[in-house]
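# Structural description and commentary
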Amino acid sequence: MNVGLHSATASKILRFLEEVRIRVSHGPVAADSFLPGIEIREGGLVIEDGKLKYTGDILHEAGHLAVAPAAIRPTLNGEVIVPGSDPHLIELIAMLWSYAACVHLEIDPSVVFHDAGYHGRAESLLRNFAMGVFLGIHELEAAGMTYSAADAHRLDLKPFPVMQKWLRD
């Protein structure tokens, strides 16, 4: 759903990213960017409103930045590559982060997990999340960002999708 940067949902997402200290700027984005109208540049997001197709893509790309270690975050450009980490695992935890952000912001997760993304798997991802299946949660837990149901219960905290912190140290 292309609603651009001037919708209530986009405003909510952009305010949230400012609150959690993910830098967002507006300007030209390369035509060959991974997602239309959005690019990771120097550890922040650059958005070109006229090229942005899906508002939820902002939250997903922010998830990549949020789960990257703080020490390398400012150096990230284009695709998020974390040295020594499996890129598929980084993708999984970025999806979990963006799902948690949707829940936190009270945004329908289908805004992020839309039919045009995720290689046709958006519906099955949403079904998994609804059933409490969160593949990769152990990585967010190891980073102290959230807790699985069992560990949250033991620590008397709320489990994922509640986040203890939004940015990885």
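Structure: above.
Keep in mind that this is a model prediction, so the values were computed, not measured.

### Side note on a nonpolar patch on the surface
On the surface, M131, V133 and L135 cluster together into a nonpolar patch covering about 300 Å² of accessible area. Following the sequence through the fold, M131 ends up in the loop between α4 (122-130) and α5 (137-142). Judged by its relative accessible area of 59%, M131 is exposed.

### Brief notes about the packing of aromatic side chains
Per the counting criterion, the structure on display carries 10 aromatic pairs. With a centroid separation of 4.9 Å and 85° between ring planes, the pair formed by F16 and W166 is classed as edge-to-face. With F16 in helix α1 (residues 8-19) and W166 in the segment after α6 (149-155), the pair connects residues that are 150 residues apart, well separated along the chain. A relative accessible area of 15% places W166 in the buried class. Taken together, a centroid distance of 6.3 Å and an interplanar angle of 35° make the contact between Y99 and F160 tilted. Taken together, the positions of Y99 in helix α3 (residues 87-105) and F160 in the segment after α6 put the pair 61 residues apart, joining distant regions of the chain. Of the two residues examined, Y99 and F160, each falls in the buried class. Taken together, Y99, F113, Y118, F129, F134 and F160 form an aromatic cluster joined through their ring pairs.

### Looking at the layout of surface pockets
Picture a little ball the size of a water molecule; that probe, rolled over the atoms, points out where space is still empty. Roughly 800 Å³ of internal volume is contained in the largest pocket. Lining the largest pocket we find 32 residues, and of these F34, H60, E91, Y118 and H119 sit closest to its centre. Top element by residues in the lining of the largest pocket is α3. It accounts for 7 residues. Here the residues of the lining of the largest pocket are counted per class, giving 17 nonpolar, 9 polar and 6 charged.

### Some details on the pairing of strand β2 (residues 38-41)
In this structure, β2 lies alongside strand β3 (residues 44-47), joined through 4 bridges in antiparallel fashion. Note on β3: the bridge partner recorded for I40 is L45. What sits between the antiparallel neighbours β2 and β3 is a turn of 2 residues, in which E42 has the positive phi angle 50°.

### Considerations on the side chain of E39
Mapped onto the fold, E39 is located in strand β2. Take E39: its relative accessible area is 16%, and that puts it in the buried class. A distance of 2.4 Å separates polar atoms of two side chains, one belonging to E39 and the other to R41. In this structure, E39 is in contact with V29, A30, S33, G44, L45 and V46, ignoring residues within four places of it in sequence.

What counts, and where the lines are drawn
Residues numbered from 1 in each chain as written. Predicted model: local features only at pLDDT ≥ 70, side-chain atom pairs only at ≥ 80, totals over all residues. Heavy atoms only, no water. Patch = residues over 30% accessible without salt bridge, like charges linked within 9 Å, V, L, I, M, F, W, Y side chains within 5 Å. Areas by Shrake-Rupley, 256 points an atom, 1.4 Å probe, with all protein chains shown as cover. Salt bridge = Lys/Arg side-chain N within 4 Å of Asp/Glu carboxyl O. Helix = DSSP H or I, 4+ residues; strand = E, 2+ residues; numbered from the N terminus. Buried < 20%, exposed > 50% of the residue type's maximum accessible area, 1.4 Å probe, protein only. Phe/Tyr/Trp six-rings, centres within 6.5 Å; stacked < 30°, edge-to-face > 60°. 1 Å grid on protein atoms, 1.4 Å probe; cavity = no way out; pocket = protein on both sides within 12 Å on 5 of 7 lines; lining within 4 Å. Points joined across faces, edges and corners; volume = space filled by probe spheres on them. Nonpolar A, V, L, I, M, F, W, Y, C, P; charged D, E, K, R; others polar. Pairing = 2+ DSSP bridges. Polar contact = N/O pair within 3.5 Å; in protein donor to acceptor, adjacent residues only side chain to side chain. Contact = heavy atoms within 4.5 Å.

It is worth stressing that arrangement in space is one thing and function is another; only the former is reported here.
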